[in-house]
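# Secondary and tertiary structure notes
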Amino acid sequence: QVQLVESGGGLVQPGGSLRLSCAASGSIFSINAMGWYRQAPGKQRELVAEIISGGSTNYADSVKGPFTISRDGAKNMVYLQMNSLKPEDTAVYYCHVRAKPSVLRGTYNYWGQGTQVTVSS
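Reference entry: report on the structure contained in this document. Predicted, not measured: the structure shown is a model, and the values here were computed from it.

### A word on unusual backbone geometry
Although it is not a glycine, Asn76 sits at a positive phi angle of roughly 55 degrees. Positive phi outside glycine occurs at Ser84, with the angle close to 50 degrees. As for its position among the elements, Ser84 is in the loop between β8 (77-82) and β9 (91-100). Given the relative accessible area of 43%, Ser84 is considered partly exposed.

### Here's the deal with the nonpolar core
One finds Trp36, Leu80, Met82 and Tyr93 to be the most contacted residues of the largest nonpolar core, which totals 29 residues. Elements that contribute at least two residues to this core include exactly β1 (2-7), β3 (18-26), β4 (30-39), β5 (46-52), β7 (67-72), β8, β9 and β11 (115-119). Looking at this core element by element, the count peaks at 5 residues for β9.

### Considerations on the sheet that holds β8
Strand order in the open sheet formed by 4 strands is β1-β3-β8-β7, with antiparallel pairing between adjacent strands. Either end of the sheet is taken by a strand with one partner, and the two such strands are β1 and β7. Sheet twist, expressed as the average angle between the axes of neighbouring strands with direction ignored, equals 15 degrees. Where β7 meets β8, 6 bridges bridge the pair, whose relative direction is antiparallel. Its bridge partner lying in β8, Ile69 is registered against Leu80.

### A look at the pairing of β5
Bridge count between β4 and β5: 6 bridges; the pairing is antiparallel. The residue bridging Trp36 from the neighbouring strand is Ala49, located in β5. Two successive antiparallel strands, β4 and β5, enclose a turn made up of 6 residues, where Gly42 displays a positive phi of approximately 80 degrees. Bridging between β5 and strand β6 (residues 57-59) involves 3 bridges; their strand directions are antiparallel. Residue Ile51 lies in a different strand from β6, and its bridge partner there is Thr57. Counting the residues between successive antiparallel strands, the hairpin from β5 to β6 contains 4 residues, one of them, Gly55, with a positive phi of roughly 110 degrees.

Each value, and the rule that gives it
Think of each chain on its own: its residues are numbered from 1, step by step along the sequence as written. Per-residue local features of the predicted model are confined to residues with pLDDT of at least 70, and side-chain atom pairs are confined, for both listing and counting, to 80 or more; whole-chain, interface and lining totals are unaffected and use all residues. In computing side-chain properties, one takes all heavy atoms of the structure into account and sets aside hydrogens as well as water. Here a strand is any run of E in DSSP of at least two residues, a helix any run of H or I of at least four, and the numbering for each starts at the N terminus. The buried label goes to any residue with under 20% of its type's maximum accessible area, the exposed label to any with over 50%, and the partly exposed label to all in between, with areas taken from a 1.4 Å probe on protein chains only. The term nonpolar core refers to a set of buried residues drawn from Ala, Val, Leu, Ile, Met, Phe, Trp, Tyr and Cys, joined through side-chain atoms within 4.5 Å. Here the rule is simple: two strands pair whenever DSSP picks up at least two bridges between them. Structural elements are reduced to axes, namely lines fitted to C-alpha atoms, with helices fitted over the stretch in contact, and the angle between N-to-C directions of any two is expressed from 0 to 180 degrees.

Right, here's the structure in full:
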């Protein structure tokens, strides 16, 4: 089983910055992708950014530029640097990993518990 632990959420003023971190641990044979999703009240969960095993990245159009995703492959960690935050970025942010827990098993999606990001003055 793969466990994900997130950190770095909190309250920030508009225009401020936050850095989210997510550590993956447990039985991990390989990781296909690591990323971040968010869910605001009354809305569906949406992709914010992801980084694929080859290093390519995908971003939601709304965060291109101010947000940067990065990964430390040796530590199985993924980071999301969020700059120029806006009130509409307020949401619970979830770490997501697509991984094979062992060579004999298929690829599965794993989720963190979520961390609250609130952008407000």
